[in-house]
Amino acid sequence: MKNFMGILIACLIFFSCTEKKTETTNYVQEGEIQLAKPRIAVSSTIIDSFVTMKPEIRMENLSVFYEVDGKKGMESSSKVQTTVIAEEAGTFNFRGYHPDWKPSEATEIRLYKKGFIPDKITWQTQASDTYKGQGETTLINNKKASLKFRDVEWTGFDTIAKATVSFPKKTYIKSLTIGYLIDPKSWIFPPEEITLYFNDKDSINLKIPALTLQEIIKLDDVKIPIEKEINTLIVHVKNVQKLPDWHAGKGLKAWLFMDEWIFN
Amino acid sequence: MDRRKFLKQSSLVTAGLLVTPSLSSAFSLGANNDVIVGHNSHTYKIDLSWGNLNPSKTPVNDCHEMAQDSKGRIVLLTNHTKNNVIIYDKSGKLLETWGTDYPGAHGLTLVKENGADFLLITDYERHQIIKTTIDGKVVFTIDYPADTGKYNSKGEFKPTETAVTENGDIYVADGYGNQHIIHYNHKGELQNIFGGRGTEDGQFLNAHGICYDNRDVQNPSLLVSARELNVLKRFDLKGNFIESFNVPGALICRPVIHKKDIYFAVLRSKNAVNSDSGFILIMNEKNEVVSCPGATSPSYQNNELSELYQTVRLFQHPHDVCIDDDENMYVAQWNSGKTYPIKLTRV
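Rules of the game
Residues numbered from 1 in each chain as written. Chains lettered and ligands numbered in written order. Predicted model: local features only at pLDDT ≥ 70, side-chain atom pairs only at ≥ 80, totals over all residues. Heavy atoms only, no water. Helix = DSSP H or I, 4+ residues; strand = E, 2+ residues; numbered from the N terminus. Buried < 20%, exposed > 50% of the residue type's maximum accessible area, 1.4 Å probe, protein only. Contact = heavy atoms within 4.5 Å. Areas by Shrake-Rupley, 256 points an atom, 1.4 Å probe, with all protein chains shown as cover. Core = buried A, V, L, I, M, F, W, Y, C linked by side-chain atoms within 4.5 Å. Pairing = 2+ DSSP bridges. Axes fitted to C-alpha atoms, helices over the stretch in contact; angles between N-to-C directions. Phe/Tyr/Trp six-rings, centres within 6.5 Å; stacked < 30°, edge-to-face > 60°. Polar contact = N/O pair within 3.5 Å; in protein donor to acceptor, adjacent residues only side chain to side chain. Salt bridge = Lys/Arg side-chain N within 4 Å of Asp/Glu carboxyl O. Lys, Arg positive; Asp, Glu negative; His and termini not counted. pLDDT = per-residue confidence, 0-100.

1. Considerations on the overall build of chain B
Right, so step 1: Looking only at helices and strands, chain B has 2 helices and 28 strands in total.
Right, so step 2: Considering chain B as a whole, with its 347 residues, one finds that 56% of them fall into the buried category.
Right, so step 3: For chain B, long-range pairs separated by at least 24 residues make up 45% of all intrachain contacts whose partners lie at least 6 apart in sequence.
Right, so step 4: Of the roughly 14400 Å² that chain B leaves accessible, carbon and sulfur atoms contribute 46%.

Pasting the structure below:
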């Protein structure tokens, strides 16, 4: 019996060794490569009553989860069944999950509550002829642009953007949100400085931190608290005057691309 | 020991072996969790270590194109002038290198003449096509086609690819230049020019790749990728437009015909946020997309191919594919951090 046991163990070890040889592999294993960010079809990013967000599921066994306003981790994530409906402003992060692949980075969708529409906008400086958007009211038409700078909802300036915004009557404005594009490879940077003038004597000045990320394309925005009753608002948005040392256009001016000014 | 006791003890021993990590794989025949990419008839396992070399001795910049020679060796063209041509065996072992004079080495076509292998290299920085022996001796060069009247200077001519017919005629795609296809005979004498920049049927935006399609022996033709348009176009050998195939979302590099199928590296997905969003595309003999390793599963609605895009971050900027005689695929990548090719093993 001892001999039998010995033979059995020897067989097991033998098969173990021979099998291990055939299992040596250089092939990519589960969880080593990351999923690409999921694509999300959004009905609008400016909410009038509600908007819908629907992931494209074009891969077998792909699940998409989302988080709202910076909550992290699976426990605060919700699995998207078909469509996400949102009635409130917020930042939604969608991630793809799949048994074979590492979870994706997040696709960020920012939703904005529809703002108060000014009566009139008068431009003191002009957008580039090539990137003049849908006309003078592009920035107050309640339509956001895509990540592509050729999208007709972008208004592109290679100089400071100056405009006067008029409201039909004295109106309490809580804040102004300015949406812009970041695409440094296309020489498009965030604003360098924003100044608001209102009620003859008041002004607000805001400097935007310099961009350090080189490999990025992103929709971003800055929300400027106002909290005053105003009739007329003068807005100056300054483009970056000198591109940083790491950029191919070092020392030259950057483009400023804005898609919407939202008055809350 | 009675039989019951023996079974109990032997099963304990076996269980012990199974849970010992170093031995447990003896029975885990399916323990490898190799991931599979691709769809339908064309699926692959991924080997990222194939062909990796010491970059201080055998460096690469962009790996532009690859071909398999008559000996079964895999020939890689890079624009690194320490070793523009790197020759591997199919296992990824380095066999030899040559070439220091091709700073814009881009297109690589293997030509077989009377039992010998030759290479056609397009160099968009030298603005030339260079024919060499398989071991690197220059046979002849073709300069920019001044006689056509379509070029003001050699700088406008930035050839990206060649295709060669059975009689030795050479077709050159000027994919980074004025977007013409230039036809030469086997001696390098100008025969014809067609195409040009534009969006009409017979024109291109980035005529990046060309190949000779003799799958229908009675009606041989040329396939040209119009990369920025996401279209593959077919011409007869005189340069007359025949038909086109839309591949929405796919910036296709050169078409590579292997047996009845056409393979493409796709540089990037048209509407992706990140530019390093490439994948592989495979068409069957009916010119239908059947598999897209690294991308969405191909699907047709009302005979229109749905937009394709990257789903896994496997490839960065795939630039060419080579299919070997075992049906395995080698993927050369542009602007991928000086990485060596990726091998896809057909499942």
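2. A look at the overall build of chain A
Right, so step 1: A count of helical and extended segments in chain A gives 1 helix and 15 strands.
Right, so step 2: With 264 residues in all, chain A has 45% of them scored as buried.
Right, so step 3: A separation of at least 24 residues holds for 72% of the contacts in chain A among residues at least 6 apart in sequence.
Right, so step 4: Summed over its atoms, the accessible surface of chain A is roughly 14300 Å², and 52% of this surface lies on carbon and sulfur atoms.

3. Quick word on the nonpolar core
Right, so step 1: Core analysis: the largest hydrophobic core is formed by 38 residues, its most contacted members being Met53, Phe92, Phe94 and Trp101 of chain A together with Ile46, Met329 and Leu344 of chain B.
Right, so step 2: With sequence-adjacent residues up to four places away left out, Met329 of chain B is seen in contact with Tyr44, Tyr263, Ile280, Ile282, Val321, Cys322, Ile323, Ile342, Lys343 and Leu344 of chain B.

4. Details of the sheet that holds strand β11 (residues 161-164) of chain B
All names here are of chain B.
Right, so step 1: Strands sit in the order β11-β12-β13-β14 across an open sheet of 4 strands; the sheet is antiparallel. Both outer strands of the open sheet, β11 and β14 (190-195), are each paired with one neighbouring strand and no more. With direction set aside, neighbouring strand axes in the sheet form an average angle of 20 degrees.
Right, so step 2: Pairing of β11 with strand β12 (residues 170-173) involves 4 bridges; the strand directions are antiparallel. Counted as the bridge partner of Ala163 is Tyr171 from β12.

5. A word on the sheet that holds strand β17 (residues 231-235) of chain B
All names here are of chain B.
Right, so step 1: With antiparallel pairing, 4 strands are arranged side by side in an open sheet as β15-β16-β17-β18. On the outer flanks of this sheet lie β15 (207-213) and β18 (241-246), each paired with one strand and no other. Sheet twist, expressed as the mean angle between neighbouring strand axes with direction ignored, is 20 degrees.
Right, so step 2: Two strands pair when backbone bridges link them, and strand β16 (residues 221-226) and β17 are joined in this way by 5 bridges, in the antiparallel orientation.

6. Points about the pairing of strand β15 (residues 256-263) of chain A
Residues and elements named next belong to chain A.
Right, so step 1: In terms of residue burial, β15 counts as a mostly covered element, since 8 of its 8 residues are buried.
Right, so step 2: Here strand β10 (residues 155-157) runs beside β15; their pairing, made up of 3 bridges, is antiparallel. Within the sheet, the bridge partner assigned to Gly156 lies in β15 and is Phe257.
Right, so step 3: By the bridge criterion, 5 bridges tie strand β11 (residues 161-182) to β15 in an arrangement that is antiparallel.

7. Focus on the packing of aromatic side chains
Right, so step 1: A full pass over the atoms with the stated rule returns 21 aromatic pairs over all chains.
Right, so step 2: On the numbers, 5.9 Å between centres and 65 degrees between planes, the contact of Trp255 of chain A with Phe257 of chain A is edge-to-face.
Right, so step 3: For Phe257 of chain A, a relative accessible area of 1% translates into the label buried.
Right, so step 4: With centroids separated by 5.7 Å and ring planes inclined at 90 degrees, the aromatic side chains of Tyr151 of chain B and Phe157 of chain B adopt a geometry described as edge-to-face.

8. Focus on the environment of Asn287 of chain B
All names here are of chain B.
Right, so step 1: Position of Asn287 relative to the elements: it lies in the loop between β22 (279-283) and β23 (289-291).
Right, so step 2: In contact with Asn287, not counting residues within four places along its chain, are Arg215, Arg234, Phe245, Ile262 and Tyr300.
Right, so step 3: Engagement of the side chain of Asn287 in a polar contact is seen with the side chain of Arg215, the distance being 3.2 Å.

9. Some remarks on the pattern of salt bridges
Right, so step 1: This structure, assessed with the given rule, holds 29 salt bridges over all chains.
Right, so step 2: The salt bridge involving Asp259 of chain A is made with Lys144 of chain A; its shortest N-O contact spans 3.3 Å. With Asp259 of chain A in strand β15 and Lys144 of chain A in the loop between β9 (120-123) and β10, the pair connects residues that are 115 residues apart, well separated along the chain. The exposure classification of Asp259 of chain A matches that of Lys144 of chain A, with both residues buried.
Right, so step 3: The partner of Asp135 of chain B in a salt bridge is Lys137 of chain B, with the nearest N and O atoms 3.2 Å apart.
Right, so step 4: Connected through salt bridges with shared partners, the residues Glu108, Arg110, Lys218, Asp220 and Asp221 of chain A form a single ionic network.

10. A few points about the environment of Gly239 of chain B
Right, so step 1: Structurally, the position occupied by Gly239 of chain B is in the loop between β17 and β18.
Right, so step 2: Taking the C-alpha atoms as reference, Gly239 of chain B lies 8.1 Å from Asn192 of chain B; in sequence the two are 47 residues apart.

11. Remarks on the pairing of strand β14 (residues 218-238) of chain A
Residue and element names in this part refer to chain A.
Right, so step 1: The sheet contact formed by β11 and β14 spans 17 bridges and is antiparallel. Each residue of the ladder has a partner; that of Ser175, found in β14, is Pro225.
Right, so step 2: Where strand β12 (residues 193-198) and β14 come together, 6 bridges link them in antiparallel fashion. Across the sheet, Leu196 pairs through a bridge with Val235, a residue of β14.

12. A word on the side chain of Gln128 of chain B
Residues and elements named next belong to chain B.
Right, so step 1: Following the sequence through the fold, Gln128 ends up in strand β9 (residues 128-133).
Right, so step 2: Judged by its relative accessible area of 13%, Gln128 is buried.
Right, so step 3: Beyond its immediate stretch of four places on either side in the chain, Gln128 contacts Ile121, Thr122, Asp123, Thr141, Ile142, Asp143 and Pro159.

13. Quick word on the environment of Phe198 of chain A
Residue and element names in this part refer to chain A.
Right, so step 1: Within the secondary structure, Phe198 is located in strand β12.
Right, so step 2: On the accessibility criterion, Phe198 (3% relative accessible area) is buried.
Right, so step 3: Taking C-alpha positions, Phe198 is 9.3 Å from Glu229, a pair spaced 31 residues apart along the chain.
Right, so step 4: For Phe198, the residues in contact, after removing those within four places along its chain, are Ser203, Ile204, Ile226, Lys228, Ile230, Thr232 and Leu233.

14. A look at unusual backbone geometry
Residue and element names in this part refer to chain B.
Right, so step 1: Positive phi outside glycine occurs at Asn206, with the angle close to 70 degrees.
Right, so step 2: When you line up the elements, Asn206 lands in the loop between β14 and β15.
Right, so step 3: Despite not being glycine, Asn302 shows a phi value in the positive range, around 55 degrees.
Right, so step 4: What makes Asn302 exposed here is its relative accessible area of 76%.

15. Regarding the side chain of Asp169 of chain B
Right, so step 1: Structurally, the position occupied by Asp169 of chain B is in the loop between β11 and β12.
Right, so step 2: One buried charged side chain, Asp169 of chain B, makes no salt bridge at all; its nearest oppositely charged neighbour is Lys187 of chain B, positioned 10 Å away.

16. Thoughts on the confidence of the model for chain B
Right, so step 1: Mean pLDDT over chain B: 91, with 91% of residues reaching 70 or higher.
Right, so step 2: Here residues 1-30 of chain B is a poorly scored stretch, pLDDT under 50, and it has 29 contacts once near neighbours within four places are set aside; other chains count.

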